[in-house]
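As a plain string of letters, each chain reads:
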Amino acid sequence: MLVKFSNNPLKQALGIVTYNGGRISSFLIISTLAVIQYRVSEWYGWQQFDLPVVPVSILGGALAIFLGFRNNSAYDRWWEARKIWGGIVNYSRSFGMLVMSFASPHHSNGQQSKTAIESWQKEMIYRHIAWLYALNMHLRKQFFWDKLDDYISPPELAKIKASANKPAQLINLQGR
């Protein structure tokens, strides 16, 4: 997945140049020196040297195979992550439907009020949404934990902020 930093193509190009400025400038310097050397050798009539084709073609073939394997392994990792995230999305949908369906006044046999059950449903769903946000932030190593304020209670948030693995702590709270 490519991350789009901006919808403006000029800003994207500027970001690429800024991030890779050293590599781009070193490439430009080396290629400029090669052209200057070629032109100077033409002007003075120096003899050009020839490279044999066989070593270059062997190295090119080996490089193509190496890059092909790297490309396949990167695609496999991306596909595996996509399947896992898709599974999380499907299980989250199922969990939400189960909470809303089975936690109802009908199933409590009148032992719980409708407002208590709705409050519990909201707490469970919101905590699950908080877990999804926390997992997303944890995997991207972006820590904006104030986003969780809307979904979980302040005592739970304090307990989660104190832990090292926030998504695991959230799922632990959800299980309790």
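Our structure is the block above this text.
This one's a predicted model, so the numbers in the text were calculated from it and none came from an experiment. (Residues numbered from 1 in each chain as written. Predicted model: local features only at pLDDT ≥ 70, side-chain atom pairs only at ≥ 80, totals over all residues. Heavy atoms only, no water.)

Engineer: Describe the packing of helix 3 (residues 53-102) against helix 4 (residues 114-140), with residues and values.
Structural biologist: Here helix 3 crosses helix 4 at 170 degrees, and the two axes come no closer than 10 Å. Considered as vectors, helix 3 and helix 4 are oriented roughly antiparallel to each other. For the pair helix 3 and helix 4, the contacting residues are Trp-85, Ile-88, Ser-92, Phe-95, Gly-96, Val-99 and Met-100 in the first and Trp-120, Gln-121, Met-124, Ile-125, His-128, Trp-131, Leu-132 and Leu-135 in the second. (Axes fitted to C-alpha atoms, helices over the stretch in contact; angles between N-to-C directions. Helix = DSSP H or I, 4+ residues; strand = E, 2+ residues; numbered from the N terminus. Parallel < 35°, antiparallel > 145°, perpendicular 65-115°, else oblique. Contact = heavy atoms within 4.5 Å.)

Engineer: Can you lay out helix 1 (residues 9-19) for me, pointing to particular residues and giving the numbers?
Structural biologist: When you tally the buried positions in helix 1, you get zero out of 11 residues, a small fraction of the element. Taking the backbone nitrogen of Leu-10 as reference, a side-chain oxygen 3.1 Å away marks Asn-8 as the first, capping residue of helix 1. (Buried < 20%, exposed > 50% of the residue type's maximum accessible area, 1.4 Å probe, protein only. Polar contact = N/O pair within 3.5 Å; in protein donor to acceptor, adjacent residues only side chain to side chain.)

Engineer: Report on the pattern of salt bridges, specifying residues and quantitative values.
Structural biologist: Once the charged atoms of two side chains with opposite charge are near each other, the side chains can pair. For the coordinates displayed, the defined rule picks out four salt bridges. Where Lys-83 meets Glu-80, a salt bridge forms, and the shortest distance between an N and an O atom there is 3.6 Å. Pair noted here: Lys-83 and Glu-80 are both in helix 3, with a separation of three residues, about one helical turn. Taking the relative accessible area as the measure of exposure, Lys-83 reaches 44% and is therefore partly exposed. Of the charged contacts, one joins Arg-127 and Glu-156 as a salt bridge, the two residues approaching to 2.7 Å between their closest N and O atoms. One end of the pair, Arg-127, is in helix 4; the other, Glu-156, is in helix 5 (residues 154-162), with 29 residues separating them in the sequence. (Salt bridge = Lys/Arg side-chain N within 4 Å of Asp/Glu carboxyl O.)

Engineer: Lay out the nonpolar core in plain terms, naming residues and giving numbers.
Structural biologist: One broad rule of soluble globular proteins: the nonpolar side chains tend to lie buried together. Residues Leu-148, Ile-152 and Leu-170 are the most contacted members of the largest nonpolar core, which totals 13 residues. Mapped onto this core, the elements with two or more residues apiece are helix 4, helix 5 and helix 6 (166-175). For this core, the element with the most residues is helix 4, which contributes five residues. (Core = buried A, V, L, I, M, F, W, Y, C linked by side-chain atoms within 4.5 Å.)

Engineer: So what's going on with the packing of aromatic side chains? Which residues, and what values?
Structural biologist: Evaluation of the coordinates by the stated rule reveals six aromatic pairs. Pairing Tyr-75 with Trp-78 gives two aromatic rings, centres 5.6 Å apart and planes at 35 degrees, and the pair type is tilted. In this pair, Tyr-75 and Trp-78 are both assigned in helix 3, three residues apart and thus about one turn of the helix distant. Residue Trp-78 is classed as partly exposed on the basis of its relative accessible area, which comes to 36%. Relative to Tyr-151, the ring of Tyr-126 lies with its centre 5.6 Å away and its plane at 80 degrees, an arrangement referred to as edge-to-face. Of this pair, Tyr-126 sits in helix 4 while Tyr-151 sits in the loop between helix 4 and helix 5, placing them 25 residues apart in sequence. When its relative accessible area of 31% is taken as the criterion, Tyr-126 is described as partly exposed. (Phe/Tyr/Trp six-rings, centres within 6.5 Å; stacked < 30°, edge-to-face > 60°.)

Engineer: I'd like to hear about the environment of Ala-134, residue by residue, with values.
Structural biologist: With respect to the element layout, Ala-134 can be found in helix 4. Taking the relative accessible area as the measure of exposure, Ala-134 reaches 0% and is therefore buried. As for Ala-134 and Ala-162, which are separated by 28 residues in sequence, their C-alpha atoms are 14 Å apart.

Engineer: Outline the side chain of His-128, supporting the account with residue identities and numerical values.
Structural biologist: If you trace the backbone, His-128 turns up in helix 4. Judged by its relative accessible area of 12%, His-128 is buried. Once you skip the residues sitting within four places of it in the chain, His-128 turns out to touch Ser-92, Phe-95 and Gln-174.

Engineer: Go over the packing of helix 4 against helix 6, please, and point to the residues and values.
Structural biologist: Two numbers describe how helix 4 lies on helix 6: the axes approach to 8 Å, and their chain directions differ by 165 degrees. What the angle tells us is that helix 4 and helix 6 run roughly antiparallel. Here helix 4 runs over helix 6; the crossing is left-handed. Contacts between helix 4 and helix 6 involve Met-124, Arg-127, His-128, Ala-130, Trp-131, Ala-134, Leu-135 and His-138 from the first element and Pro-167, Leu-170, Ile-171, Leu-173 and Gln-174 from the second. In terms of residue class, the contact of helix 4 with helix 6 is built from nine nonpolar, three polar and one charged. (Left-handed = near helix turned anticlockwise from the far one by under 90°. Nonpolar A, V, L, I, M, F, W, Y, C, P; charged D, E, K, R; others polar.)

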